[in-house]
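Commentary on secondary and tertiary structure
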Amino acid sequence: LLNVPLGSWNKEYSLQAIKTHIYYFWDQSIFPFPFQCLFSSGKTVASIVIAQLVEKGLLNYDEKVSTYWPEFKSNGKQDITLADVLRHESGLAWLDHTFKIDDFMVENLKKNKVGQIFEKEPPHFPGTGGANDVPTNREYHTITRGCILNEIVRRVDPQNRTIGEIIKQVSTYNLHTSNEFIK
């Protein structure tokens, strides 16, 4: 879980209570060890980091991604906004590329190993979807949404941190001293 010293949270929501809840209430028939499968919970965390950057004036939901990441605009992506990415409407739900695990190491993220792939990729808009097969740009960005947001965040964060580095710093920060995510 989070690397937060016990006692730095309100007693009712202590880390020990969270660990106890996760450990004792998992369904062993589905998941045989004491971890919860959280699937897209990272999308919420990334959205909170984005919201903090918007609040600080470093990002704007209606701004084009290329404002923050100029290389992104190639291959028909020049009009994609931050809001489009957050709504799963960037046309980048899938890529014609297979990443290696090492590409996601912080030092490789900062060398733009992931970013350069998104820079080259054209959008793949689904055309139609939903129960009535209506025209749409929306297609669930299972993994790619976080990758795109991370590339934006590390370009606008004053310390050039990844979303993971921001969360790590927040999770080890004494929560009683400040309610700010980003300094």
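As a starting point, this report considers the structure included with it. Bear in mind the structure is a predicted one, so any value in this text is a computation, not a measurement.

Here we look at the pattern of salt bridges
In this structure the tally under the stated criterion is nine salt bridges. Here Asp 79 ties to Lys 64 by a salt bridge, and the two come within 3.1 Å at their closest N and O atoms. Remark: Lys 64 occurs in the loop between helix H2 (41-55) and helix H3 (65-68) and Asp 79 occurs in the loop between H3 and helix H4 (82-86); sequence separation between them is 15 residues. Given the relative accessible area of 49%, Asp 79 is considered partly exposed. The salt bridge involving Asp 157 is made with Arg 161; its shortest N-O contact spans 2.9 Å. A single burial state applies to Asp 157 and to Arg 161, both of which are buried. The network of salt bridges with shared partners includes Asp 84, Arg 87, Glu 89 and Arg 138.

Looking at the nonpolar core
Counting residues in each nonpolar core, the largest one holds 28 residues, and the members touching the most others are Leu 59, Phe 118, Ile 148, Leu 149 and Ile 152. A per-element tally of this core places helix H7 (residues 144-156) first, with six residues. Every residue in contact with Ile 148, bar those within four places of it in the chain, is listed here: Trp 69, Phe 72, Val 85, Ser 90, Leu 92 and Phe 118.

A word on the layout of surface pockets
Each pocket or cavity is described by its volume, and for the second largest pocket that value is around 460 Å³. As for the second largest pocket, its lining consists of 19 residues, and the residues nearest its centre are Gly 42, Ala 46, Gly 146, Cys 147 and Ile 163. At the level of secondary structure, the elements contributing two or more residues to the lining of the second largest pocket comprise H2, H7 and helix H8 (163-171). Broken down by element, the residue count for the lining of the second largest pocket peaks at five residues, all from H7. Among the residues forming the lining of the second largest pocket, the class breakdown is ten nonpolar, six polar and three charged.

Conventions used here
Residues numbered from 1 in each chain as written. Predicted model: local features only at pLDDT ≥ 70, side-chain atom pairs only at ≥ 80, totals over all residues. Heavy atoms only, no water. Salt bridge = Lys/Arg side-chain N within 4 Å of Asp/Glu carboxyl O. Helix = DSSP H or I, 4+ residues; strand = E, 2+ residues; numbered from the N terminus. Buried < 20%, exposed > 50% of the residue type's maximum accessible area, 1.4 Å probe, protein only. Core = buried A, V, L, I, M, F, W, Y, C linked by side-chain atoms within 4.5 Å. Contact = heavy atoms within 4.5 Å. 1 Å grid on protein atoms, 1.4 Å probe; cavity = no way out; pocket = protein on both sides within 12 Å on 5 of 7 lines; lining within 4 Å. Points joined across faces, edges and corners; volume = space filled by probe spheres on them. Nonpolar A, V, L, I, M, F, W, Y, C, P; charged D, E, K, R; others polar.

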